[in-house]
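# Observations on the model geometry
Here are the chains, one letter per residue:
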Amino acid sequence: ILPLAGLIIYSLYRQEVEANFNERLRQLLTIIHADSIDGAGSQPAPPGQLGEPLFSIAHSGWYWQIRPVDAAGGGRLQVSASLGAAMLPSPFEKRVAPDEHGMRWLDARGPVNEPIRIAETIFEFGDEMSGVRYSIEVAGPLDWLDARVSGYRMMLAGALALAGLCLVAMSVFQVRFGLRPLHAIERGLAAIRSGQA
């Protein structure tokens, strides 16, 4: 029962941590999208403070990128300082279907081959006749997610192992001391059979 309970608890915890991670990416993408629209004309404006200092640290695993989808439409590439000269792959170009919020998700490899999760939205800047579609992306490190989950897994395994040892000790105690009256009766019957009582 304990291993089965541990598997269920671990699975539920992983789903919760992954949902929080995805929600964080969704929030950052929304902020970047809103900042790029604010004051923009035919091209997106660079986002301001995003509340995530890791966007400024090279190859931190946290990246954002804004680039035109239509090469013929012009437009310039904008990336976070953490991304440097590298570029993120586009879920849109890989034909990933959008979710109910219009966002596309992709697990890929980052600039230093680290596993990352990318969230992307497509937005058209400018008027309907001359507007250019842009891909707005944000990425976070899957290593962070795995580290959180693996740490919890070790604590959960230790707690369940301790609970299992306590249950074994209780069972031994019950068998050893709970059945002591029966052993006394057994000895008494043996004494009657042998004629000693």
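This is a predicted model, so every value here is computed, not measured. (Residues numbered from 1 in each chain as written. Predicted model: local features only at pLDDT ≥ 70, side-chain atom pairs only at ≥ 80, totals over all residues. Heavy atoms only, no water.)

Right, let's get into helix α1 (residues 2-37). Between the first and last C-alpha of α1 there are 52 Å, a value that for 36 residues agrees with the 52 Å anticipated at 1.5 Å per step. Those residues of α1 that fall on the buried side of the exposure criterion are G6, Y10, V17, F21, N22, L25, R26, L28, L29, I32, H33 and S36. Looking at the buried positions of α1, the neighbouring elements they touch are β1 (63-68), β3 (104-109), β4 (115-125), β5 (132-141) and α2 (142-178). (Helix = DSSP H or I, 4+ residues; strand = E, 2+ residues; numbered from the N terminus. Expected span 1.5 Å × (residues − 1). Buried < 20%, exposed > 50% of the residue type's maximum accessible area, 1.4 Å probe, protein only. Contact = heavy atoms within 4.5 Å.)

In terms of burial, β1 is a largely internal element, six of the six residues being buried. In this sheet, β5 lies alongside β1 in antiparallel orientation, the contact comprising six bridges. Counted as the bridge partner of Y63 is A139 from β5. Relative to strand β2 (residues 78-79), β1 is paired through two bridges, and the arrangement is antiparallel. Within the sheet, the bridge partner assigned to I66 lies in β2 and is Q78. (Pairing = 2+ DSSP bridges.)

It is worth spelling out the pairing of β4 at this point. The pairing of β3 with β4 spans six bridges and is classified as antiparallel. Paired with A108 across the strands is I116, a residue of β4. The turn linking β3 back onto β4 is made up of five residues, and N113 within it adopts a positive phi angle of 65 degrees. Two strands pair when backbone bridges link them, and β4 and β5 are joined in this way by 10 bridges, in the antiparallel orientation. Following the sheet pairing, T121 is matched in β5 by I136.

Take the packing of aromatic side chains next. Enumeration according to the criterion identifies four aromatic pairs in this entry. The interplanar angle of 40 degrees and the centroid separation of 4.8 Å between the aromatic rings of F173 and F177 together place this pair among those described as tilted. Residue F173 and its partner F177 are located together in helix α2, separated by four residues, close to a single helical turn. Cluster of aromatic residues (ring-pair linked, three or more members): F21, W62 and W144. (Phe/Tyr/Trp six-rings, centres within 6.5 Å; stacked < 30°, edge-to-face > 60°.)

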